[in-house]
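Descriptive analysis of the structure
Residue-level listing of the chains:
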Amino acid sequence: MKNSPQIKRSRENTKQMQGKSSLVYTRKRGERGMWAGGRGVAPDLPCLLKVEKMTKLEDHMEGIINVFHQYSVRVGHYDKLSKGEMKQLITRELPNTLKNTKDQATIDKTFQDLDADKDGQIDFSEFVTLVVRVLLTAHEDIHKE
């Protein structure tokens, strides 16, 4: 697995640790580390500042980001999904939510619909479109029950 992307923003980033507290740290441009499958802290972090608890919503948002990065770092650009990476993400992470996840035509259509800039890759903002669509459908389904 490749190293995680360089984080260029200067604000603090919160990472979940052991489900109860978070280590808040600052990563500077050029520093490297692994995302550790969406949990834990990279072993080469330079400065640990304080421990604080993340809210449930913050934890879920971080989970979405980590799932995206778990698949995006495999092929090509570290912060974009190739069609193959997108297929793996959909079939492994959304098998109960999306219909026909193993059908290549469905994957192709979904990929084409999400690829707004038509560069042949799905960046995070395009991926969020899928997440929003899935959430809206799930919300509607909850009200039908």
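Conventions adopted
- Residues numbered from 1 in each chain as written.
- Predicted model: local features only at pLDDT ≥ 70, side-chain atom pairs only at ≥ 80, totals over all residues.
- Heavy atoms only, no water.
- Phe/Tyr/Trp six-rings, centres within 6.5 Å; stacked < 30°, edge-to-face > 60°.
- Helix = DSSP H or I, 4+ residues; strand = E, 2+ residues; numbered from the N terminus.
- Buried < 20%, exposed > 50% of the residue type's maximum accessible area, 1.4 Å probe, protein only.
- Expected span 1.5 Å × (residues − 1).
- UniProt positions renumbered as here; feature names shortened; annotations may be inferred.
- 1 Å grid on protein atoms, 1.4 Å probe; cavity = no way out; pocket = protein on both sides within 12 Å on 5 of 7 lines; lining within 4 Å.
- Points joined across faces, edges and corners; volume = space filled by probe spheres on them.
- Nonpolar A, V, L, I, M, F, W, Y, C, P; charged D, E, K, R; others polar.
- Salt bridge = Lys/Arg side-chain N within 4 Å of Asp/Glu carboxyl O.
- Core = buried A, V, L, I, M, F, W, Y, C linked by side-chain atoms within 4.5 Å.
- Contact = heavy atoms within 4.5 Å.

- Looking at an unreviewed UniProt entry, one finds the protein chain named S100 calcium binding protein A12 and attributed to Ailuropoda melanoleuca.

**As for the packing of aromatic side chains**
- Evaluation of the coordinates by the stated rule reveals 3 aromatic pairs.
- Between Phe 68 and Phe 124, the ring centres sit 5.1 Å apart and the planes meet at 80°, which makes this aromatic pair edge-to-face. One end of the pair, Phe 68, is in helix 1 (residues 56-72); the other, Phe 124, is in helix 4 (residues 124-144), and 56 residues separate them in sequence.
- Judged by its relative accessible area of 27%, Phe 124 is partly exposed.
- Where Phe 124 meets Phe 127, the ring centres are 6.1 Å apart and the plane angle is 45°; that geometry is what we call tilted. Of the two residues, Phe 124 and Phe 127 are both situated in helix 4; the distance of 3 residues between them amounts to about one turn of the helix.

**Some words on helix 1**
- For helix 1, spanning 17 residues, the distance from its first C-alpha to its last is 24 Å, which sits close to the expected 24 Å at 1.5 Å a residue.
- Regarding helix 1, the residues found buried are Glu 62, Gly 63, Asn 66, Phe 68, His 69, Tyr 71 and Ser 72.

**Topic: the UniProt feature "domain: EF-hand" (unreviewed entry) in the protein chain**
- The UniProt feature table records "domain: EF-hand" (unreviewed entry) at residues 102-137.
- As annotated, residues 102-137 comprises 69% helix and 6% strand, and the C-alpha atoms at either end are separated by 20 Å.

**What about the layout of surface pockets?**
- For the second largest pocket, the calculated volume is near 290 Å³.
- Lining the second largest pocket, in full, are Gly 63, Ile 64, Val 67, Leu 89, Glu 93, Leu 94, Phe 127, Leu 130, Val 131, Val 134, Leu 135 and Ala 138.
- If you list the elements that add at least two residues to the lining of the second largest pocket, you get helix 1, helix 2 (83-93) and helix 4.
- The dominant element in the lining of the second largest pocket, judged by the number of residues it contributes, is helix 4, at 6 residues.
- Per-class residue counts for the lining of the second largest pocket are 10 nonpolar, 1 polar and 1 charged.

**Thoughts on the pattern of salt bridges**
- Scanning the entire structure with this criterion turns up 4 salt bridges.
- For the salt bridge of Lys 109 with Asp 113, the shortest nitrogen-to-oxygen distance reads 3.2 Å. Placement of the pair is Lys 109 and Asp 113 together in helix 3 (residues 104-114), with a separation of 4 residues, close to one helical turn.
- When the shortest N-O distance is used, the salt bridge between Asp 141 and Lys 144 registers 3.9 Å. With a gap of 3 residues between them, Asp 141 and Lys 144 both fall in helix 4, about one helical turn apart.
- Here Asp 141 falls in the partly exposed class, since its relative accessible area comes to 36%.

**Observations regarding unusual backbone geometry**
- Not every positive phi belongs to a glycine, and Asn 100 is a case in point at roughly 55°.
- Inspection of the secondary structure puts Asn 100 in the loop between helix 2 and helix 3.
- Among the residues examined, Asn 100 registers a relative accessible area of 52% and is labelled exposed.
- Notably, Lys 118 is not glycine yet its phi reads approximately 55°, a positive angle.

**Considering the nonpolar core**
- Leu 81, Met 86, Ile 122, Phe 127 and Leu 130 are the most contacted members of the largest nonpolar core, which has 15 residues in total.
- At 4 residues, helix 4 tops the list of elements feeding residues into this core.
- Excluding residues within four positions of it along the chain, Phe 127 makes contact with Ile 64, Phe 68, Leu 81, Leu 89 and Ile 122.

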